[in-house]
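Results of the structural survey
This is what each chain is made of:
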Amino acid sequence: MAASRPTILIPGTTSHTIAPRAGRHSREGTLRYLKAGTGAPLVLLHTVRTQAEHYRLLIPLISEHYTAYALDLPGMGYSEIVPGASYDEPAMRAGVERLLTELDLHDVTLLGESMGAVLALTTAADLPERVRRVVAVNTYDFRDGIARSSLLARVLVSGILVPGVGPVIAGVEPKAVFQKILQGGLGDKSALREDYVDELLQVGRRPGYPTVARGVYQALPSLIAARSRYPEVKAPVHFVYGEKDWSRASDREANKKLLPTADFTQVPKAGHFIALERPDVLADLLTPSA
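This section reports on the structure supplied with the text. Position numbers for residues count from 1 along each chain, tracking the sequence in the order it is written. With pLDDT at 70 or above as the cut-off, local features in this predicted model cover only qualifying residues; side-chain atom pairs require 80 or more to be listed or tallied, and sums for whole chains, interfaces and linings still use all residues. Side-chain figures throughout are based on the complete set of non-hydrogen atoms in the structure, without hydrogens or water.

1. Looking at the pattern of salt bridges
One side-chain nitrogen of Lys or Arg within 4 Å of one carboxyl oxygen of Asp or Glu is enough to make a salt bridge. In this structure the tally under the stated criterion is 16 salt bridges. Its salt-bridge partner being arginine 21, residue glutamate 28 comes within 2.7 Å of it at the nearest N-O pair. Linked through salt bridges whose partners overlap, the residues forming this network are Glu89, Arg93, Asp126, Arg229 and Glu232.

2. A closer look at the pairing of strand E6 (residues 131-137)
For E6, the tally of buried residues reaches 6 of 7 residues, placing the bulk of the element in the interior. Examined bridge by bridge, strand E5 (residues 108-113) and E6 share 6 bridges and lie parallel to one another. The residue bridging valine 108 from the neighbouring strand is valine 131, located in E6. The β-α-β motif built from E5, the intervening helix H3 (residues 115-126) and the parallel element E6 has right-handed crossover chirality. Paired strands, in this sense, are two strands between which DSSP finds at least two bridges. Put simply, DSSP H or I for four residues or longer makes a helix, DSSP E for two residues or longer makes a strand, and each gets a number counted from the N terminus. For E6 and strand E7 (residues 237-242), the ladder comprises 4 bridges, and the chain directions are parallel. Residue burial is assigned from relative accessible area. The probe radius is 1.4 Å, only protein chains are included, and a residue is buried under 20% of its type maximum, exposed over 50%, and partly exposed in between. For a crossover, the right-handed case is the one in which the path from the first strand over the helix to the second runs clockwise, viewed with the strands pointing away from the viewer.

3. As for the nonpolar core
In plain words, nonpolar cores are sets of buried Ala, Val, Leu, Ile, Met, Phe, Trp, Tyr and Cys residues tied together by side-chain atoms within 4.5 Å. Formed by 71 residues in total, the largest nonpolar core has its most connected members in Val43, Leu73, Leu100 and Leu121. It is H3 that contributes the most residues to this core, 8 residues altogether. Two residues form a contact once any of their heavy atoms are found within 4.5 Å. Apart from residues lying up to four places away in sequence, leucine 73 is in contact with Leu45, His46, Ser79, Met92, Val96, Met115 and Leu119. Core analysis: the next-biggest nonpolar cluster, separate from the first, contains 25 residues, Leu44, Ile62, Tyr66 and Val281 among them.

Given below as structure tokens:
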């Protein structure tokens, strides 16, 4: 595990880890998660290149209604970086399922944003006996993904994927460039707080993290392929999209066809990172009506 510690502290949260399971393949690493609140379990799954603190604004809004578990996906945030590990959708999903099974969680609401939304849906397909509901925010299951954010993002991601120089590019993250790319996922650019950018950059300096970042971008096709699992989900699903999300109308309609009974909400003026821009909208969807 990295010696560095998070620079952002969310009031009321405690930090925990899940050790690799005995007898499992050595590429299964320790997972870190944040826990807060009381009530039924709510598992929060973050986006590409972020971490559990992505939900710093949402957790205080729902802590009276749920016990929140915000997971650092394998290799990301402060979860262990294991040399040679896979970062494709099945490997990421295995990390989520470890959280649910090792903590023996039942009646779970899964809320994921971006990549985390895909993982919420496929985890629900795998563990129907444990999952009560899925809130899938801006599912990252279409071609190009973050490359649709801006020309800068397209150039950077394309460079990261190039053999040879890709790992080098992935390890160089000038703050101004990184900030600009993340702002491309926001309708309200001011929602990206500087301390959060600094925290993400600190994580990006962990030994081995450039390999993780590159592996996640390389795994995008596996997120697209995972859409075939959506019809297997038995729990109620609520799709949430920002009006200015990177997904196109055709991407959203395709998911409506796969899950015709799902609820849909579009958040006006919001972009890809609704947990940063409009945590109040997500809290309202999660909390029972008065």
